[in-house]
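Read off the chains here:
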Amino acid sequence: MSSLTVTRPRPAALPLAARRARRRSAALGLLAWLVGIAFCLPVLWMVLTSLHSEADAATNPPSLAASLTLDGYREFFGAGGGASPWPSLINSVTASVFSTLFVLLLALPAAYALSIRRVRKWTDVLFFFLSTKMLPVVAGLLPVYLFAKNTGLLDNVWLLVILYTSMNLPIAVWMMQSFLADVPVSIIEAAQMDGARLPTVLARVVAPVAGPGIAATALICFIFSWNEMLFARVLTGVTAQTAPVFLTSFVTSQGLFLAQLCAASVAISLPVLAAGFAAQDKLVQGLSLGAVK
């Protein structure tokens, strides 16, 4: 009997368009990795420099094989007899946290009025909010300084809280308006039919549904407040000095303490990085809210 041979069909070759799409996707993925590495290189270089001694950090070009040390961090935290960074860090935390809380308390009802219970000419209101960010910050520096001087608020951390709240409120209203526009009106009407008033609706209905968007707004406002230096540099002295202003004290007439400066930059950046890492899932959900229907 003759044996039958079964031949398996060869897999069909991918169409030319599919192969091109696959190559294009691989090229874009490689490009994204290269761009990400390029953005991370300065941060990695800063961390590496912070672990070198001042002599090794000042070499040109810097030595990658130099011995590692924590002297820069010890100097930053005052182990060498220098100024302690803790008052400046506490001031930054106070100004950033309280201004972010005030921004959320003010932006949530404003965004509710502009997205769910829309007022007349709400688009003009949004444009007005956004137009306030077009003014150069330095243009308002002198009036704010004179106001703070005449009211006795110079070198006061609560003045920074007020300034940061007013600076971040427009962008917070703009962001939260787009987030709250995706909240179903039916659940709000159901809560109102059950007797819930506006504060209850905002706190127990709107806020939980738009939680990712609110978290993303809060994180961005916190970062803006933490990184602000111009107003803090001009309006504060010793009592209300913030962390970015304290960072500039490492650049003195005696020279540039590069290792200590990098160590201070890493330490001051850690709270923002920790907040972003802790809220990364909420941040991604908030920034992509409404993108997929």
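Everything numeric here is computed off the predicted structure, so don't read it as measured data.

How each quantity is defined
Once a new chain begins, its residue numbering starts again from 1 and follows that chain's sequence as written. Totals for whole chains, interfaces and linings use every residue, but because this is a predicted model, local features are given only for residues with pLDDT of at least 70 and side-chain atom pairs only at 80 or more, for both listing and counting. Hydrogens and waters are ignored; side-chain quantities use all the structure's heavy atoms. For patch building, the residue pool is restricted to those with more than 30% relative accessible area and no salt bridge; the joining distance is 9 Å between like charges and 5 Å between nonpolar side chains (Val, Leu, Ile, Met, Phe, Trp, Tyr). Surface exposure here means Shrake-Rupley accessible area, sampled with a 1.4 Å probe, where a residue is shielded only by the protein chains that are shown. Criterion for a salt bridge: a side-chain nitrogen of Lys or Arg within 4 Å of a carboxyl oxygen of Asp or Glu. For the purposes of this entry, the term helix denotes a DSSP run of H or I that reaches at least four residues, the term strand denotes a run of E that reaches at least two, and both are numbered from the N terminus. Should any heavy atoms of two residues lie within 4.5 Å, those residues are counted as being in contact. Remark: nonpolar core denotes a set of buried residues (Ala, Val, Leu, Ile, Met, Phe, Trp, Tyr, Cys) joined through side-chain atoms within 4.5 Å. Summary of the burial criterion: residues with accessible area below 20% of their type's maximum are buried, those above 50% are exposed, and those between are partly exposed, where the area comes from a 1.4 Å probe applied to protein chains only. Pairs were defined over the aromatic rings of Phe, Tyr and Trp, the Trp ring being its six-membered one, requiring ring centres within 6.5 Å. Orientation was assigned from the angle between planes: stacked under 30 degrees, edge-to-face over 60, tilted for the rest. Here a polar contact means two N or O atoms within 3.5 Å. Within protein one must be a hydrogen donor candidate and the other an acceptor candidate, and residues neighboring in sequence count only if both atoms are side-chain atoms. One fewer than the residue count of a helix, multiplied by 1.5 Å, yields its expected span. A fitted line through C-alpha atoms serves as each axis, taken over the contacting stretch for helices, and the angle formed by two N-to-C directions is quoted from 0 to 180°. Small angles under 35 degrees read as roughly parallel and large ones over 145 as roughly antiparallel, with 65 to 115 read as roughly perpendicular and the rest as oblique. Crossing chirality is assigned from the near helix's rotation relative to the far helix, an anticlockwise turn below a right angle marking it left-handed and a clockwise turn marking it right-handed. Under this grouping Gly is polar, as are all residues other than the nonpolar Ala, Val, Leu, Ile, Met, Phe, Trp, Tyr, Cys and Pro and the charged Asp, Glu, Lys and Arg. To get the bend at a given residue, fit one axis to the seven residues ending there, fit another to the seven starting there, and take the angle between those axes.

Q: Even after reading the chapter, I still don't get a nonpolar patch on the surface, so can you show me in this structure?
A: A contiguous nonpolar surface patch, about 630 Å² in accessible area, is contributed by Val93, Val97, Phe98, Leu101, Phe102, Leu105 and Trp158. At six residues, helix α4 (residues 86-115) tops the list of elements feeding residues into the nonpolar patch. Here phenylalanine 98 lies in helix α4.

Q: How should the environment of threonine 242 be read in this particular structure?
A: Mapped onto the fold, threonine 242 is located in the loop between α11 (230-235) and α12 (243-247). Between the alpha carbons of threonine 242 and leucine 89 there is a distance of 6.3 Å; along the sequence they are 153 residues apart. Residues in contact with threonine 242, not counting those within four places in the same chain, are Ser88, Asn91, Ser92, Leu160 and Ala232.

Q: Could you clarify how one ought to interpret the nonpolar core in this entry?
A: One finds Leu108, Tyr112, Ile116, Met176, Leu180, Ile188 and Val206 to be the most contacted residues of the largest nonpolar core, which totals 29 residues. Elements that contribute at least two residues to this core include exactly α4, α5 (122-131), α7 (157-180), α8 (185-193), α9 (198-209) and α10 (211-227). Ranked by size, the runner-up nonpolar core spans 15 residues in total, among them Ala95, Val157, Leu159 and Tyr164.

Q: Please clarify how the packing of aromatic side chains should be interpreted in this entry.
A: Given two aromatic rings, one states the distance between the centres and the angle between the planes to describe the pair. By the definition in use, this model includes six aromatic pairs. Where phenylalanine 76 meets phenylalanine 77, the ring centres are 4.8 Å apart and the plane angle is 75°; that geometry is what we call edge-to-face. Ring geometry for phenylalanine 98 versus phenylalanine 102: centroids 6.4 Å apart, planes at 50°, classification tilted. Of this pair, phenylalanine 98 and phenylalanine 102 both sit in helix α4, four residues apart, which is roughly one turn of that helix. The partly exposed category is assigned to phenylalanine 98, whose relative accessible area is 33%.

Q: Teacher, can you tell me more about the side chain of threonine 217 here?
A: By the element assignment, threonine 217 lies in helix α10. At a separation of 2.9 Å, a polar atom in the side chain of threonine 217 contacts the main-chain carbonyl oxygen of glycine 213. Each residue touching threonine 217, except ones within four places of it in the same chain, is listed here: Leu104, Ala172, Met175, Met176 and Phe179.

Q: So what exactly am I meant to see when it comes to α10 here?
A: Owing to its 3.6 residues per turn, the α-helix aligns residues three or four sequence positions apart on the same side. A rise of 1.5 Å per residue sets the reference length of α10, with its 17 residues, at 24 Å; its end C-alpha atoms lie 24 Å apart and thus fit the reference within 8%. Counting buried positions along α10 gives twelve out of 17 residues, so the element sits mostly inside the fold. Buried residues of α10: Pro212, Gly213, Ile214, Ala216, Thr217, Ala218, Leu219, Ile220, Cys221, Phe222, Ser225 and Trp226, and no others.

Q: Would you mind going over the packing of α4 against α10 with me for this structure?
A: To describe two helices that pack against each other, one gives the angle between their axes and the distance between the axes. Between α4 and α10, the shortest axis-to-axis distance is 9 Å and the interhelical angle comes to 140°. Judged by the inter-axis angle, α4 sits oblique to α10. The handedness of the crossing between α4 and α10 is right-handed. Of the residues in α10, those touching α4 at Leu89, Ser92, Val93, Ser96, Val97, Ser99, Thr100, Val103, Leu104 and Leu108 are Ile214, Thr217, Ala218, Cys221, Phe222, Ser225 and Trp226. Taken together, the residues of the contact of α4 with α10 sort by class into eleven nonpolar, six polar and no charged.

Q: Would you mind going over the pattern of salt bridges with me for this structure?
A: If the charged atoms of two oppositely charged side chains come close together, the side chains can form a pair. Tallied over the entire structure, the rule returns one salt bridge. The salt bridge involving arginine 74 is made with aspartate 71; its shortest N-O contact spans 2.7 Å. With a gap of three residues between them, arginine 74 and aspartate 71 both fall in helix α3 (residues 71-76), about one helical turn apart. Its relative accessible area of 41% is what places aspartate 71 among the partly exposed residues.

Q: Honestly, helix α13 (residues 258-278) in this entry has me stumped. Any pointers?
A: In this model α13 runs 30 Å from its N-terminal to its C-terminal C-alpha over 21 residues, within 8% of the 30 Å that 1.5 Å per residue would give. Of all the bends in α13, the greatest, near 35°, is centred on leucine 270, and the proline proline 271 appears no more than four residues after it.

Q: Teacher, can you tell me more about the side chain of threonine 165 here?
A: Relative to the helices and strands, threonine 165 is located in helix α7. For threonine 165, a relative accessible area of 8% translates into the label buried. A distance of 2.7 Å separates a polar side-chain atom of threonine 165 from the backbone oxygen of valine 161. Once residues within four sequence positions are removed from consideration, threonine 165 is found in contact with Ser99, Phe102, Val103 and Leu106.

Q: Any chance you could explain the environment of glutamine 260 here in plain terms?
A: The topology assignment puts glutamine 260 in helix α13. Those residues in contact with glutamine 260 that sit more than four places away from it in its chain are Glu54, Gly72, Glu75 and Phe250.

Q: Hey, could you run me through the packing of α8 against α9 in this one?
A: At a closest axis distance of 11 Å, the pairing of α8 and α9 adopts a crossing angle of 160°. It follows from the interaxial angle that α8 and α9 lie roughly antiparallel. The chirality of how α8 crosses α9 is right-handed. Contact with α8, carried on its side by Ile187, Ile188, Ala191 and Gln192, involves Val201, Val205, Val206 and Val209 of α9 and no other residues of that element. A breakdown of the residues in the contact of α8 with α9 according to their chemical character gives seven nonpolar, one polar and no charged.

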